[in-house]
Amino acid sequence: MTYTLIGADGRPHPSTRPGTVGGHRRSRIYGRLDCPSALRAIAAGGYVSQRVFFADAQTAMSAGYRPCAVCLPDAYRQWKSTNP
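Definitions and limits used
- Residue positions within a chain follow its written sequence, with the count starting from 1.
- Under the rules for a predicted model, residues below a pLDDT of 70 receive no local features and side-chain atom pairs below 80 are neither given nor counted, while totals for whole chains, interfaces and linings still include all residues.
- Water and hydrogen atoms play no part in the side-chain values, which are based on all heavy atoms of the structure.
- Helix and strand assignments follow DSSP, with helices taken as H or I runs no shorter than four residues and strands as E runs no shorter than two, numbered in order from the N terminus.
- Computation of the radius of gyration draws on C-alpha atoms, with the globule rule given as 2.2 Å multiplied by the number of residues to the power 0.38.
- Between buried and exposed lies partly exposed: a residue is buried under 20% and exposed over 50% of the maximum accessible area for its type, with that area taken using a 1.4 Å probe on protein chains only.
- Should any heavy atoms of two residues lie within 4.5 Å, those residues are considered in contact.
- Calculation of accessible area relied on Shrake-Rupley with a 1.4 Å probe; when residues are assessed, cover is drawn exclusively from the protein chains displayed.
- Charge assignment: positive for Lys and Arg, negative for Asp and Glu; neither His nor the chain ends contribute.
- Here the site of a charge means atom NZ of a Lys, CZ of an Arg, CG of an Asp or CD of a Glu.
- UniProt positions are given in the numbering used here, feature names are shortened, and annotations may be inferred rather than shown by experiment.
- Pairing between strands is defined by DSSP: at least two bridges between them are needed.

1. Topic: the overall build of the protein
For the protein, the count of helices and strands is three helices and six strands. Taken from N to C terminus, the helices and strands of the protein fall in the order β-β-β-β-α-β-α-β-α. Here the protein has a C-alpha radius of gyration of 12 Å; the compact-globule value for 84 residues is 12 Å, and the two agree. C-alpha atoms of the protein, sized along the principal axes, occupy 40 × 30 × 20 Å. Put simply, the protein has 84 residues, and 31% of those count as buried. Contacts spanning at least 24 positions in sequence make up 57% of the contacts within the protein whose residues lie at least 6 apart. On the protein, roughly 5400 Å² of surface is accessible, and the fraction owed to carbon and sulfur atoms is 55%. Charge-centre separation for the protein: the mean point of 11 positive side chains lies 8 Å from the mean point of 4 negative side chains.

See the structure below:
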């Protein structure tokens, strides 16, 4: 199986491994695959068309995405303190 992951350059790349974090293209946020906020949005019928996946958090940040405040509060606080 081949997965499409977003690379550090922000472009899609094929991968033989699934991503470990997901994101929302429009809001440029990434988080855990089991994020309660993302799961609520998906259940409500939204979010899916803008869903992207990354190999890891570092790749997501390199691509210009910020951590989710709901599922990654410590990473979000650290990001917020350096990006006022």
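2. As for the UniProt feature "domain: Ada DNA repair metal-binding" (unreviewed entry) in the protein
The UniProt entry lists residues 23–74 under the feature "domain: Ada DNA repair metal-binding" (unreviewed entry), expressed in the numbering used here. In residues 23–74, helix accounts for 31% and strand for 23%; the two terminal C-alpha atoms are 17 Å from one another.

3. Observations regarding the sheet that holds strand β3 (residues 21–24)
In spatial order, the strands read β5-β3-β4-β6; together these four strands make up an open sheet with mixed pairing. With partners counted over all chains shown, the strands left at the sheet margins are β5 (51–54) and β6 (66–67), one partner each. With four bridges joining them, β3 and strand β4 (residues 29–32) adopt antiparallel strand pairing. Within the sheet, the bridge partner assigned to Val-21 lies in β4 and is Arg-32.

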